[in-house]
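Spelled out from the first residue to the last, the chains are:
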Protein chains: 2
Amino acid sequence: MSLLLTNLGSLVTNDPAQGSGLLGLVQDAAVVVENGTIAWVGAAAAAPATDEQFDAEGRSLLPGFVDSHAHLVFAGDRTAEFNARMSGQAYTAGGIRTTVAATRAATDAELDANLTRFVNEALRQGTTTIECKSGYGLTVADEARALRIAAAHTPETTYLGAHVVAPEYADDPAGYVDLVTGEMLDACAPHARWVDVFCENGAFDGDQARAILTAGAKRGLIPRVHANQLSYGPGVQLAVELGAASADHCTHLTDADVSALASGDTVATLLPGAEFSTRAPYPDARRLLDAGATVALSTDCNPGSSFTSSMAFCVAVAVREMGMTPDEAVHAATAGGAQALRRTDVGRITVGARADLLLLDAPSHVHLAYRPGVPLTAAVWRGGQREL
Amino acid sequence: MSLLLTNLGSLVTNDPAQGSGLLGLVQDAAVVVENGTIAWVGAAAAAPATDEQFDAEGRSLLPGFVDSHAHLVFAGDRTAEFNARMSGQAYTAGGIRTTVAATRAATDAELDANLTRFVNEALRQGTTTIECKSGYGLTVADEARALRIAAAHTPETTYLGAHVVAPEYADDPAGYVDLVTGEMLDACAPHARWVDVFCENGAFDGDQARAILTAGAKRGLIPRVHANQLSYGPGVQLAVELGAASADHCTHLTDADVSALASGDTVATLLPGAEFSTRAPYPDARRLLDAGATVALSTDCNPGSSFTSSMAFCVAVAVREMGMTPDEAVHAATAGGAQALRRTDVGRITVGARADLLLLDAPSHVHLAYRPGVPLTAAVWRGGQREL
């Protein structure tokens, strides 16, 4: 079955060879989908005959969002903690550990139902590829089950046993690193594509992070790093040195950090939802882009510091606060995320790519920034299947 | 037909006599709707028998949003202008006058279709009361038709002939004020409840604003004022002096302005979408609240400076940027908007109020700030009718 999408508004291909500017924008274009992939892209007037047609009525088509950083295997929420923080009140609960306790106490079915709900919520907002980390189990069994549950929903699963030191190892962080690089890794590697570590004061230092990422790489997991979120530190340069696919957060960067990102293949993944929801300063996307680094935008969806699943919201905030143009932000939320996941089959609308498509209820992709907060999903296809 | 809404999460009544805190929060509550109004509110265990029941499954119920400031009778959009502004490029188009030209050129049917689309878009996001201004016609006939078209959708219609000086009067602003207070007012007053003026450098000064508001008041229209948006000025104190229902924007306030708002009955309506979309400094809601002023939040939805229709987005930004607690922001977007429109039948869930209700896809109203950008509408009732 072949399907022609025609009468499109702005078409974002993310292929500069195919259209204008960074986004490879094509006007008066049409797209043919066949066998779950893009079979043809070009001027509507030259479109081939197909089995079916879809009239886009002038609405904009872009690649489905690629959300390369999310923490969706968890139970409970942290409404009271958020409310206290934003109300200027003291709150002495346990942060991540609150979620660890709730997640450990949940059944597999509860965790799967919660994850399914968030994946579907993201899909309704145009996210067709989503990464999913462990990190709220922090035992061998709980980390492994988190990844097993996640792997049923996405191939982009990330082993984050090194989210924080497990409470049982509060007095023995070295022992916890041994666990994360040993028995826990053995149990988790079969279910994961990536290995990640939260490299930060109060979590894991540079030496610990290096040990964890290196051990994961030896098991075939590709590194990615929570780096330089709350303070300056070694995370970004370690990520580049180890050939990580992405350094995530990048909020506090020295000139050397920026140079490292600009010269290597490591994507700078920025997560404005976290700064929005913690009233923290935003990362400087403009500085990274001007230096030549590749930038991705992702949600960081998690119940503590960034409980948004909206890539459109991240695009709007990145334009408002981080010096990105609307085109740059849309690119970062699609092609940037794909690069952060080392995927060439998503994040673009080119022949042979997966037919993961977001039709906006707007004539232009610019409306993602121009109409902040407004749900603009008109239709979503994933692998050529109409999802809504 | 009586309907019981039961198994509610947090219930926002906005009646401190009925529950805890500013929002009059009730836990384990139920609500009965009958003949389009609220017939009963109380503990679920004590609920009376009804014809039908709705199981809210633990989700939060609040009054439908009251958006007391929107500009929805227009044609065209200003994507290119927004894109240039956010991309740091020069753009020499005409601002409001671009929209005036497109609006004048549109047919009645086109304007009505556009307005219908935006009212429905807002409704899907939980807005059950929406104000609508003229101001993109700027001729006697075009202003009157804008209000006639708006009046078919909402009783909250505002005559804003004094949005900017019409291009035909560029060299004769006094002549335009004569028109706005004379023939245009005669044509518009039958279709409007409110009279408004953009009191700002480059629009109308304090004397002109006073003349326009006073003339409108003599025709039975109640004043509201676009005040102190781009610079300090006389708008806020004029609004309070004339007993305006609301002073809108309030971005640049002196201590005397704050005192005036705190001592009078004029609501300070803050419009964070405008600051978000123009990268302008936000108004200081905290200062106003601490002084004792009543604050409302609204979208300012218009194609130039704030093209959001999302009250939830405004709540989230107000919490992030304007020093409001989640409770204060939710109050401002419901009860605050109602007060800015001098309505006692909306913005609250109390016996006798209209059954304008928003059920969130979340257990707590706090999620409107906690989950920024995520569409959280689970159901909406307007006058007791299920709208979605």
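Anything mentioned here points back to the structure above.
Okay, so let's go over this structure. (Residues numbered from 1 in each chain as written. Chains lettered and ligands numbered in written order. Predicted model: local features only at pLDDT ≥ 70, side-chain atom pairs only at ≥ 80, totals over all residues. Heavy atoms only, no water.)

1. A few points about helix α12 (residues 311-321) of chain B
An α-helix turns once every 3.6 residues. As a result, residues three or four positions apart point the same way. All names here are of chain B. A large share of α12 lies buried, amounting to nine of its eleven residues. When we look at burial in α12, the residues that qualify are Met311, Phe313, Cys314, Val315, Ala316, Val317, Ala318, Val319 and Arg320. Gly323 occupies a position one or two residues after α12 and carries a positive phi of about 75°. (Buried < 20%, exposed > 50% of the residue type's maximum accessible area, 1.4 Å probe, protein only. Helix = DSSP H or I, 4+ residues; strand = E, 2+ residues; numbered from the N terminus.)

2. Overview of the interface of chain B and chain A
Counting from both sides, the interface comprises 44 residues of chain B and, opposite them, 44 residues of chain A. The three residues of chain B that bury the most area against chain A are Arg320, Tyr370 and Arg371 of chain B, which together make up 22% of that side's buried surface. In this assembly, chain B and chain A are joined by two salt bridges. Between Glu121 of chain A and Arg371 of chain B there is a salt bridge whose closest N-O contact spans 2.8 Å. Run the count over chain B and chain A and you get 26 residue pairs in polar contact (both at pLDDT 80 or more). At the level of elements, α1 (79-86), α3 (108-124), α10 (272-278), α12 and α14 (367-370) of chain B are the ones that each hand at least two residues to the side of chain B that touches chain A. Per element, the largest residue contribution to the side of chain B that touches chain A is six residues, and it comes from α12 of chain B. For the side of chain B that touches chain A, the per-class residue count stands at 22 nonpolar, twelve polar and ten charged. (Contact = heavy atoms within 4.5 Å. Buried area = accessible area lost by both parts, 1.4 Å probe. Salt bridge = Lys/Arg side-chain N within 4 Å of Asp/Glu carboxyl O. Polar contact = N/O pair within 3.5 Å; in protein donor to acceptor, adjacent residues only side chain to side chain. Nonpolar A, V, L, I, M, F, W, Y, C, P; charged D, E, K, R; others polar.)

3. With respect to the pattern of salt bridges
All chains considered together, the criterion is met by 44 salt bridges over all chains. Notably, a salt bridge pairs Arg343 of chain A with Glu156 of chain A, separated by 2.6 Å at the nearest N-O pair. One end of the pair, Arg343 of chain A, is in the loop between α13 (326-340) and β15 (357-360); the other, Glu156 of chain A, is in the loop between α4 (140-151) and β9 (157-162), with 187 residues separating them in the sequence. Per residue, the accessibility class of Arg343 of chain A equals that of Glu156 of chain A, and both read buried. A salt bridge links Arg343 of chain B to Asp345 of chain B; the shortest N-O distance between them is 2.7 Å. Given a relative accessible area of 15%, Arg343 of chain B falls into the buried group.

4. Things to note about the sheet that holds strand β12 (residues 246-249) of chain B
Residues and elements named next belong to chain B. Spatially, seven strands are ordered β8-β9-β10-β11-β12-β13-β14 in an open sheet, and the strand pairing comes out parallel. Of all strands in the sheet, those with a lone pairing partner are β8 (132-133) and β14 (295-297), marking the two edges. Here strand β10 (residues 194-199) runs beside strand β11 (residues 222-227); their pairing, made up of six bridges, is parallel. Bridging across to β11, Val197 finds its partner in Val225. In the packing of helix α4 (residues 140-151) onto the sheet, contacts are made with β8 and β9 (157-162), and the angle to β9 comes to roughly 165°. Taken strand by strand, helix α7 (residues 206-218) contacts β9, β10 and β11, and its axis lies near 175° from that of β10. (Pairing = 2+ DSSP bridges. Axes fitted to C-alpha atoms, helices over the stretch in contact; angles between N-to-C directions.)

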